[in-house]
Amino acid sequence: MQRRPGKFITSWVDVTKFMLTLVGLAWLVGRGSEQLGYNWHWRKIPGYFFTLAHGHLHAGPLVDGLVVTLEITAFSLVLAALIGLVTALLRLSSSLVGRFLAMFYLETIRNTPLLVQIFFLYFVMAPILDLGRFTAAVLALAFFEGAYASEIFRAGIVSIDRGQWEAAYSLGLSRFASYRHIILPQAVRSVLPPLTSQAISLLKDSALVSTIAVYDLTMQGRAIVAETFLVFEVWFTLAAIYLLLACLLSLLVRLVERRFGSPGQPAWKMP
Amino acid sequence: MNREGQGDDIIIASNLVKTFPGPVRALDDFSVTVRRGEVLVIVGPSGSGKSTFLRCLNGLEEVDSGTIIIDGLPLDDNEKHRLEIRREVGMVFQSFNLFPHLNVLENVSLAQRLVRGKSRARAREFSMELLARVGLADKAASFPAELSGGQQQRVAIARALAMMPRVMLFDEATSALDPEMIGEVLDVMRQLAEDGMTMVVVTHEMGFALEVSDRVLFMEQGRVIEEGAPEQFFNTPARARTRAFLRQIL
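Throughout this description, residue numbers start from 1 for each chain and increase along the sequence as written. Just so you know, chain letters begin at A and ligand numbers begin at 1, following the order they were written in. pLDDT decides what is reported in this predicted model: residues at 70 or higher carry local features, side-chain atom pairs at 80 or more are listed and counted, and totals for whole chains, interfaces and linings draw on all residues regardless. Only hydrogens and water are set aside when side-chain values are computed; all heavy atoms of the structure are taken into account.

### Brief notes about the overall build of chain A
Just so we agree on the cut-off: For the purposes of this entry, the term helix denotes a DSSP run of H or I that reaches at least four residues, the term strand denotes a run of E that reaches at least two, and both are numbered from the N terminus. This radius of gyration counts C-alpha atoms alone. The globule rule is 2.2 Å times how many residues there are, raised to the power 0.38. Exposure categories follow from relative accessible area, calculated using a 1.4 Å probe and restricted to protein chains: below 20% of the type maximum is buried, above 50% is exposed, and the middle band is partly exposed. Contacts are residue-level and defined by heavy atoms, with any inter-residue pair within 4.5 Å sufficient. To be clear on the numbers: accessible area is Shrake-Rupley with a 1.4 Å probe, and residue cover counts the displayed protein chains and nothing else.
Helix and strand counts for chain A come out as 11 helices and two strands. Reading chain A from its N end, one meets helices and strands in the order α-α-β-β-α-α-α-α-α-α-α-α-α. By the compact-globule yardstick of 18 Å for 271 residues, chain A is too spread out, its C-alpha radius of gyration being 24 Å. Taken across its 271 residues, chain A has 38% of its residues classed as buried. Long-range pairs, those at least 24 residues apart, make up 70% of the contacts in chain A with a sequence separation of at least 6. Total accessible area computed for chain A in this model is approximately 16100 Å², and 70% of it derives from carbon and sulfur atoms.

Here it is in structure tokens:
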């Protein structure tokens, strides 16, 4: 109780500093753009979201791009989770070939740039396997994020107490049944937070698929900029959209987490 | 239920050797036979190989050499045999090892459904019967974290019994419990013994050994030092090493 006034003052000082920094930044941007002779045209931006014609609302390019970004993110998220889980299980398996395959995949993916992987898939693999650019984009992102997801899954699985395995085994459960009913349900719950940040990385990394002319949010933004030179407005807007999406994503996971954690209330404590 | 040529011996362990890196000889040419319905208590200083022996009996540890036959089934490299033996051998751990993400009823029912292929309703019925037997029918919907240690261990016993095992192994089942909870778990074990269950019990509870067991076996450094009926073992131990051990713990 004695320390409270001090804390109060500290936090006010913090907030004030933060505000001053923000104002300073805004001033810098304003002054910079003024010196450039930049003409702001914020009014044009809403038109790229929606246009009203004949009493009907039409989706503009930014909304189209947003839909594509969400589609790509959703598909590659599911695929990445699957790849990650399988890779983690392979790495932990007793099979030498399985472990080697998993390590080979992990090292290849983690030690090459995502951009190169996207180009490789699109320019090399896609013609060979007859893949569209959307598929190539989804696959590239899924393989890339899958490698990181697998490390997260592996950590989650390894963190489960050995006694859980022994209890499952001593009841006659097979390795598969033990994973499915005992180990993975516990592991997945404990890795939900790091998996969320991986999902957010995936969302952000999806902007790179604009390089193979997939018309996602970023690509639409580039197209608008090329057409209209609304450079500042468009990139500010895009950044804000990505920020909003990422925040929504973590909010969503937090809700899921809370729901997960409460079958019959305290359920069990997260390790 | 006797299998051909099996006679009355349900566990036949012969010449078991198990070493751990170190090198530690946890089991050193260890042989023991357990009769059907017998309660065998194994005592000994820590590190003497008691727990290792139990864990070898249901294949949680693999022996370096020697043979284990449980109710006529050899425990060998055959994965099917191993699974079958684990189904017939129940195990209770020092640290309970309940499944924290499942409630008590699900903890007891899971293996019945997965391994025995019972319907949800039939598994539930039998689980409730077992929970009533260990005095926890009212806790069916609770999660392990909401139970006391003694209650958790009783659930763990019910979970093992749910497989209708022919042998129950108790690996220091009361060692992690607060003193006032040891009694409730020992009561369940005593009841089980009276019902004729074959039990191999590693414990430090000498009162339980004296009262409930048919035979006490003292082991050290992976070998049998002495074994005998409980009265004889505790009152007139033959070996000096046994006497020294008993003096220390009694």
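After that view, the rundown keeps rolling.
### Some thoughts on the sheet that holds strand β3 (residues 39-43) of chain B
Residues and elements named next belong to chain B. Going by this rule: When DSSP finds at least two bridges between two strands, those strands are taken to pair. Only the contacting stretch of a helix is used when fitting its axis, a line to C-alpha atoms as for every element, and angles between N-to-C directions run 0 to 180 degrees.
Overall, mixed pairing links the six strands, which are arranged β6-β7-β8-β3-β9-β10 in an open sheet. The sheet is open, and its two borders are formed by β6 (89-92) and β10 (223-228), each paired with just one other strand. Neighbour-to-neighbour, the strand axes of this sheet turn through a mean angle of 20 degrees, independent of strand direction. Across four bridges, the pairing between β6 and strand β7 (residues 167-171) is parallel. Directly across from Gly90, in β7, lies its bridge partner Met168. Sheet strands in contact with helix α2 (residues 79-88) are β6 and β7, and its direction is about 65 degrees off that of β6.

### Examining the sheet that holds strand β1 (residues 9-20) of chain B
Residue and element names in this part refer to chain B. Strand order in the open sheet formed by four strands is β2-β1-β4-β5, and the pairing between neighbours is antiparallel. At either end of the open sheet lies a strand with only one pairing partner, and these are β2 (24-35) and β5 (73-74). As paired strands, β1 and strand β4 (residues 65-70) are joined by five bridges and run antiparallel to one another. In the sheet register, Ala13 faces β4, and the bridge partner there is Ile68. Against the sheet, helix α1 (residues 50-57) makes contact with β1, β2 and β4, and its axis sits at roughly 60 degrees relative to β2, the strand it touches most.

### A word on the packing of helix α6 (residues 133-158) of chain A against helix α9 (residues 192-205) of chain A
All names here are of chain A. For the record, the criterion: Roughly parallel covers angles under 35 degrees, roughly antiparallel covers those over 145, roughly perpendicular covers 65 to 115, and oblique covers all other angles. Helix crossings get a hand from a simple test, with the near helix turned counterclockwise from the far one by less than a right angle marking a left-handed crossing and a clockwise turn marking a right-handed one.
The interhelical angle for the contact between α6 and α9, taken along N-to-C directions, is 165 degrees, at an axis separation of 10 Å. Between α6 and α9, the interaxial angle falls into the category roughly antiparallel. Handedness of the α6/α9 crossing: right-handed. In this structure, α6 uses Leu141, Phe144, Glu145, Tyr148, Ala149, Ile152 and Phe153 to contact α9, whose residues at the interface are Pro194, Leu195, Gln198, Ser201, Leu202 and Asp205.

### Observations concerning the side chain of A:Asp216
All names here are of chain A. Filter applied, for reference: Charged residues are defined here as Lys and Arg on the positive side and Asp and Glu on the negative side; His and the ends of the chain fall outside this count. Every case where a carboxyl oxygen of Asp or Glu lies within 4 Å of a side-chain nitrogen of Lys or Arg is listed as a salt bridge. Side-chain atoms alone can form a polar contact between residues adjacent in sequence; in general such a contact is a pair of N or O atoms within 3.5 Å, and within protein one must be able to donate a hydrogen while the other accepts it.
Its location among the elements puts Asp216 in the loop between α9 and α10 (217-228). Despite its burial, Asp216 pairs with no opposite charge; the closest candidate is Arg222, at 7.2 Å N-O. A polar contact of 2.9 Å, which involves the side chain of Asp216, links it to the backbone nitrogen of Met219.

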